[in-house]
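Observations on the model geometry
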Amino acid sequence: MSQLHLSEAVVQRRIVAMLLKSRVLFAAVPNGGKRDVVEAAQLKRAGVRAGVPDLLIFDKPPNFPGHCGAALELKRAGKKPTPKQEKWLADLKILGWLSGYAAGLPAAVAWLEAAGYLTPHAPAPAPAAASCRGRSVASRLLPVGPLAATILSPMPAPTPGKCAAAPVAPSPVRHDP
């Protein structure tokens, strides 16, 4: 199966494998999937929110240290975020997060490389082959969608009361499998 035809679930599993190897603190948000009415109501009461990005990375992006963390919405190649997903990405950007979406595996790898979470040009097709421990600066910002120019552009420091109000040391805690 070519990388252009990978399902969103396969793209996410491969990206998660790379992030685990890079030892960044992140979480996947399991919002997708079909649910019956009762389960959907229970999840809503428990705080599940529609549109939350697929991946939340809590380490500051190495190439964008003025941001609190990163939020990435993953899509199958050729797909775009829903209006609710776009709203979450915009709101997180206002709060000081680097946020964006990537349509397909190559775009997701390029976005994470540009942010500094993955070594540029790491092999993407097989998670076992990916080398993601380095944190070198990406030599360029690769566009990953129509919002790329604004998503990856520098932004002013968050206002007081937001995440950057107090200095935060890198987390010594890592969640390895």
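Just above, that's the structure.
By convention here, each chain's residues receive numbers from 1 onward along its written sequence. Under the rules for a predicted model, residues below a pLDDT of 70 receive no local features and side-chain atom pairs below 80 are neither given nor counted, while totals for whole chains, interfaces and linings still include all residues. Note that the side-chain values use all heavy atoms of the structure and ignore hydrogens as well as water.

Here the rule is simple: two strands pair whenever DSSP picks up at least two bridges between them. For helices the rule is a DSSP run of H or I covering at least 4 residues; for strands it is a run of E covering at least 2, with both sets numbered from the N terminus onward. Across the sheet, four strands lie side by side as E1-E2-E3-E4; this open sheet has mixed pairing. If you trace the sheet from one side to the other, it starts and ends with strand E1 (26–28) and strand E4 (98–103), each paired once. Neighbour-to-neighbour, the strand axes of this sheet turn through a mean angle of 15°, independent of strand direction. Lines fitted to C-alpha atoms define the axes here, with helix axes fitted over just the stretch in contact, and angles between the N-to-C directions of these axes take values from 0 to 180 degrees.

Here we come to the pattern of salt bridges. When charged atoms on two side chains of opposite charge get close, those side chains can pair. Just to be clear on terms, a salt bridge is a Lys or Arg side-chain nitrogen sitting within 4 Å of an Asp or Glu carboxyl oxygen. In the structure shown here, the tally under the stated rule is two salt bridges. One salt bridge in this structure joins Glu73 and Lys75, with 3.7 Å as the shortest N-O distance. Working definition: with a 1.4 Å probe on protein chains only, accessible area under 20% of the residue-type maximum means buried, over 50% means exposed, and in between means partly exposed. Given the relative accessible area of 1%, Glu73 is considered buried. Exposure remark for Lys75: the relative accessible area of 9% places this residue in the buried category. Here Asp91 ties to Lys87 by a salt bridge, and the two come within 3.0 Å at their closest N and O atoms. A residue pair is termed a helical-turn pair when its members lie 3 or 4 positions apart in one helix, as Asp91 and Lys87 do in helix H3 (residues 83–94) at four residues.

Before going further, it helps to spend a moment on the nonpolar core. Soluble globular proteins tend to bury their nonpolar side chains together. Ile15, Leu19, Phe26, Leu55, Ile57, Leu112 and Tyr117 are the most contacted members of the largest nonpolar core, which totals 26 residues. Among the elements of the structure, helix H1 (8–22), strand E2 (55–57), strand E3 (70–75), E4 and helix H4 (105–115) are those that each provide at least two residues to this core. In terms of residue count, the dominant contributor to this core is H4 (seven residues). In this analysis, two residues are considered to be in contact whenever any of their non-hydrogen atoms come within 4.5 Å of each other. Residue contacts for Leu55: discarding those within four places in its chain leaves Gln12, Ile15, Val16, Leu19, Phe26, Ala27, Ala28, Ala70, Ala71, Leu72 and Leu74. Remark: nonpolar core denotes a set of buried residues (Ala, Val, Leu, Ile, Met, Phe, Trp, Tyr, Cys) joined through side-chain atoms within 4.5 Å. Ranked by size, the runner-up nonpolar core spans seven residues in total, among them Val52, Leu56, Cys68 and Leu92.

A few words now on unusual backbone geometry. At Arg23, a residue that is not glycine, the phi angle is positive and equals roughly 65°. Following the sequence through the fold, Arg23 ends up in the loop between H1 and E1. Its relative accessible area of 31% is what places Arg23 among the partly exposed residues.

Running from N to C, H1 and H4 cross one another at 30°; their axes reach a closest spacing of 10 Å. If you check the angle between H1 and H4, you find them roughly parallel. Handedness of the H1/H4 crossing: right-handed. Together, Val11, Arg14, Ile15, Met18 and Leu19 of H1 and Leu105, Ala108, Val109 and Leu112 of H4 make up the contact between the two elements. Residue classes follow a fixed rule: Ala, Val, Leu, Ile, Met, Phe, Trp, Tyr, Cys and Pro count as nonpolar, while Asp, Glu, Lys and Arg count as charged, and any other residue, Gly among them, counts as polar. Across the contact of H1 with H4, the residue classes break down as eight nonpolar, no polar and one charged. Note that the term roughly parallel is reserved for angles under 35 degrees, roughly antiparallel for angles over 145, roughly perpendicular for angles of 65 to 115, and oblique for everything else. Note on convention: the crossing is left-handed when the near helix lies turned anticlockwise from the far helix by less than a right angle, right-handed when the turn is clockwise.

Each residue after the first adds 1.5 Å to the expected span of a helix. Look at H3: 17 Å from first C-alpha to last across twelve residues, which is about the 16 Å you get at 1.5 Å a residue. For H3, the complete set of buried residues consists of Gln85, Leu89 and Leu92. Buried residues of H3, seen end-on, are gathered within an arc of 65° and therefore sit on one face of the element. Facing away from the buried side of H3, by more than 90 degrees, are the exposed residues Pro83, Lys84, Lys87 and Ile94. Elements that come into contact with the buried residues of H3 comprise E2, E3 and E4. Taking the helix axis as origin, the arc is that swept by the directions to the C-beta atoms.

When a strand is regular, its side chains alternate between the sheet's two faces. Of all six residues in E4, five are buried, a share of seventy percent or more. As paired elements, E3 and E4 share six bridges and run parallel to each other. Counterpart to Ala70 in the pairing with E4 is Leu98. For crossovers, right-handed means that the path from the first strand over the helix to the second runs clockwise, given strands pointing away from the viewer. Read from E3 through H3 to E4, the crossover connection turns out right-handed.

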